[in-house]
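Summary of the model geometry
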There are 2 protein chains.
Amino acid sequence: MAIETPDSGITLAPLDVSKLKVTLTSTPKDIPPAESLKFGKTYSDHMVFITYDPATGWSDPEIKPYAPLSLDPASSCVQFCSNVFEGMKAYVGADGTPRLFRPSLNMRRLERSAARLALPPFDGDVLLELIKRLVQVERRWIPTLSGCSLYLRPTIVGTMPGFSVVPSESATLVVIASPSGPYFSGGVKPVSLLAVSDTVRAWPGGTGGHKVGGNYSPGFLPQKIAEKQGYNMVLWIFGEDKSVTEAGAMNFFVVLKRDEGGLDLITPPLDGTILPGVTRSSCLALAADPSFQKNIASSLHAHERKFTMNDILLWSKEGRLLEALCVGTAAILVSVDRIGYEGSDIFLPKCEGGLGPVGRAFREKILAIQEGKEEFGEWSVPCE
Amino acid sequence: MAIETPDSGITLAPLDVSKLKVTLTSTPKDIPPAESLKFGKTYSDHMVFITYDPATGWSDPEIKPYAPLSLDPASSCVQFCSNVFEGMKAYVGADGTPRLFRPSLNMRRLERSAARLALPPFDGDVLLELIKRLVQVERRWIPTLSGCSLYLRPTIVGTMPGFSVVPSESATLVVIASPSGPYFSGGVKPVSLLAVSDTVRAWPGGTGGHKVGGNYSPGFLPQKIAEKQGYNMVLWIFGEDKSVTEAGAMNFFVVLKRDEGGLDLITPPLDGTILPGVTRSSCLALAADPSFQKNIASSLHAHERKFTMNDILLWSKEGRLLEALCVGTAAILVSVDRIGYEGSDIFLPKCEGGLGPVGRAFREKILAIQEGKEEFGEWSVPCE
């Protein structure tokens, strides 16, 4: 599929997997033991590297040795942060086949993120083929220890130099891979959250619903402040009604006991301020699945709707707040044991092993699908 | 001043101008004629280059040949946009001395921007000395044609690799220089604005009051859409009351006729969503200065206060809206001839030469101070 630019009539080269050139490193690195792996701190030997030139389109894709990017200090990504990215994980199952988890969702989101920052368009399905090739090349880097994975980071940055505030006409697309341990060093140990409303992660009309690099660094300082106060992460509160939105860089769920029996599972709706997370979507889909429901003693009723800190306070007082869950690709799912709010702490019920029944059922199911131990629809996609 | 880190007791090296090492290029570039210069598209021969290492502090500063940055694809600035910058201009006056315009304001703002993204702290006064050295080294690059200047771009980026959403412990600080013509190719020709409220530039608790790279790329798409509809820039409207905030990447003023004689000059207040612009601050200071007032036939009353699109509509209907001005370091000041709002255009009075009396007085005064033709306080700072 060639990209026609209506203005000029020039045909620009699309991303084309058939033009892939693979150059293997002559100095492959030693692979560290899986037990020693931190999250996102070790990088594999190779990367996907492609550039976009407004005169010619996408370059022939390369898989080549991992290397620094050479970026003009005046380039769009350095100056104006025209950067978008994705987070994905490759696992290798007992059958020896590397697998990706619902990668099409990441590709669709990356297409939307790039469009939001007026970066050059690309076909995410072709990029997915290139990512699969990278996973095959880096197969030895996929940790087999349960809970570890090869974390993949597709990234697109605008490279046009210039100080006028205009879209970048050129870009670089890289995919790097990091053999990773759990996001939280404590594994499934619950995390504590500090409810923060004086700094605000996302706003209607902003970019909170897209995976845009600039959404993240403004959260560094609140994260540091939360840690100094003894909390693991920020719980982002929005607006005068103190709506609950996200936790750190993760989506957020609560599990409530219903008066009439059964459980409610609630997460804020995708109103443009919430990242449409793949794990979020997967939890909602599982909650609606009768076969999954059997893993939980009570019936589960999922809702995407707004809720506030006052709701959480009330639910906690009433004894209805059973679990609070942070979900995302990096950590999959952790539960919350404490939420700091206006100088007091809201405590969640203690659960054996750090996870309540709903959190545990989600985590185990998703991990089993990711590791190829169970099938669910076509969520687990082999890299063949 | 050494930076003590209270946690470790280690003394980290501060920015130190006495350790500056200058390495001149062996292949100096030809300087293009000033008439051909665009804004921010040509770069000089050298740059300031400094790195920060959490174990040792700031490196010995270098002025060295302009070169690409080598950045790990996993680095904080590429992934999470921990990027801050400043825009400044060097002029050379009739006395042959290069001058900067109120550079301390830029240094204080850069210190605050860096702190907002949890980047390493630095002493802006020392950085200013290094910038002056760069200007001296690049003296031949300062265009002498009026309206042209050597645009300077101090930039700090977080360089720590990693996918955890945490502050970058390492950083690179560069200052690059661009001999530049006017920001708008039309010079002082008025610009048209499209009022936009479905995308939002900045919000309370966000980073709109800081010069953070991630504030800018989300504006690329609205800018492109505005251009397609025949407008030069976006006028950023905020909230249900349709408050007017900024225009493109510039601060915004209106000039109104008073019933009782005289003029009101109004700009939105620094409530955290508005960049505290150096040109904005200069216009407000000039407006309060009796000697400047003599340049304008009417008395001028400056206000920092909120106003809305409804106010603009009303003022326009009443015939009180005399001028609308966009101000910023890059363009200094341009006037507005038309504002598109909800499908109609609000037209501003036509002015001979593209500028009304207030806009012209500001622009001419500021340019005269910048070019060293007039003195005003200590706004024009020689690079000696």
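Residues numbered from 1 in each chain as written. Chains lettered and ligands numbered in written order. Predicted model: local features only at pLDDT ≥ 70, side-chain atom pairs only at ≥ 80, totals over all residues. Heavy atoms only, no water.

Residue and element names in this part refer to chain B. In the Ramachandran plot, isoleucine 332 falls in the positive-phi region, its phi being about 60° despite a non-glycine side chain. Within the secondary structure layout, isoleucine 332 lies in strand 20 (residues 332-341). Backbone geometry places glutamate 342, a non-glycine residue, at a positive phi of 50°. Along the chain, glutamate 342 falls in the loop between strand 20 and strand 21 (344-347). Owing to a relative accessible area of 64%, glutamate 342 belongs among the exposed residues under this scheme. (Helix = DSSP H or I, 4+ residues; strand = E, 2+ residues; numbered from the N terminus. Buried < 20%, exposed > 50% of the residue type's maximum accessible area, 1.4 Å probe, protein only.)

What follows concerns the interface of chain A and chain B. Taken together, the contacts link 65 residues of chain A with 64 residues of chain B. Taken together, both faces of the contact between chain A and chain B bury some 5,200 Å²; the carbon and sulfur share is 64%. Remark: the boundary between chain A and chain B carries 0 salt bridges. Among the elements of the structure, strand 7 (69-71), helix 1 (76-80), strand 8 (83-85), helix 2 (103-116), strand 11 (149-158), strand 12 (171-180) and helix 4 (220-228) of chain A are those that each provide at least two residues to the side of chain A that touches chain B. A class-by-class count of the residues in the side of chain A that touches chain B yields 39 nonpolar, 19 polar and 7 charged. Two elements, strand 7 of chain A and strand 7 (residues 69-71) of chain B, share 3 bridges in a ladder whose sense is antiparallel. Note on strand 7 of chain B: the bridge partner recorded for A:Ser70 is B:Ser70. (Contact = heavy atoms within 4.5 Å. Buried area = accessible area lost by both parts, 1.4 Å probe. Salt bridge = Lys/Arg side-chain N within 4 Å of Asp/Glu carboxyl O. Nonpolar A, V, L, I, M, F, W, Y, C, P; charged D, E, K, R; others polar. Pairing = 2+ DSSP bridges.)

Our focus in this paragraph is the domain arrangement of chain A. All names here are of chain A. Splitting chain A by domain gives domain 1 (3-180) and domain 2 (191-370). Relative placement of domain 1 and domain 2: their C-alpha centres are 29 Å apart. Taken together, both faces of the contact between domain 1 and domain 2 bury some 1,900 Å²; the carbon and sulfur share is 63%. Contact with domain 2 buries area across many residues of domain 1, yet Phe85, Phe101 and Arg109 alone supply 34% of it, more than any other trio. The tally of links from domain 1 across to domain 2 stands at 9 residue pairs in polar contact (both at pLDDT 80 or more). Elements supplying a minimum of two residues to the side of domain 1 that touches domain 2: strand 8, strand 9 (88-92), strand 10 (98-101) and helix 2. Ranked by residue count, the leading element in the side of domain 1 that touches domain 2 is helix 2, at 6 residues. Looking at the side of domain 1 that touches domain 2 residue by residue, the classes come out as 9 nonpolar, 5 polar and 7 charged. (Domains from an automatic or database assignment. Polar contact = N/O pair within 3.5 Å; in protein donor to acceptor, adjacent residues only side chain to side chain.)

Moving on to the relation of the copies chain A and chain B. Both copies of the chain are related by one operation, a rotation about an axis with a shift along it. The transform that puts chain A on chain B rotates by 180° and translates by 0.0 Å along the axis, for an RMSD of 0.0 Å. This pairing of chains is accounted for by a two-fold axis. Comparing interface residues between copies, 97% of those in chain A also sit at the interface in chain B, which points to an isologous, same-surface contact. (Least-squares fit on C-alpha atoms with pLDDT ≥ 70 in both.)

Within the element layout of this structure, A:Ser75 appears in the loop between strand 7 and helix 1. Not counting chain neighbours up to four residues away, the residues in contact with A:Ser75 comprise A:Gly158, A:Thr159, A:Met160 and A:Pro161.

Looking now at the packing of aromatic side chains. Applying the stated criterion across every chain yields a total of 37 aromatic pairs over all chains. With a centroid separation of 5.6 Å and 45° between ring planes, the pair formed by A:Phe80 and B:Tyr216 is classed as tilted. In this pair, A:Phe80 sits in helix 1 while B:Tyr216 sits in the loop between strand 13 (191-196) and helix 4 (220-228), so the two residues belong to two different chains. B:Tyr216 matches A:Phe80 in its accessibility class, with the two residues each being buried. Note on B:Phe292 and B:Phe362: the rings are 5.2 Å apart at their centroids and 10° apart in plane angle, and the pair reads as stacked. Highlighted residues: B:Phe292 in helix 6 (residues 290-293) and B:Phe362 in helix 8 (residues 357-370), separated in sequence by 70 residues. Judged by relative accessible area, B:Phe292 falls into the buried class, the value being 0%. Joined through ring pairs, the aromatic side chains of A:Phe39, A:Tyr43, A:Tyr66, A:Tyr151, A:Tyr183, A:Phe184 and B:Phe163 make up one cluster. The ring of B:Phe49 has B:Lys64 sitting right over it, with the charged end atom 3.9 Å from the ring centre. (Phe/Tyr/Trp six-rings, centres within 6.5 Å; stacked < 30°, edge-to-face > 60°. Lys NZ or Arg CZ within 6 Å of the ring centre and 35° of its normal.)

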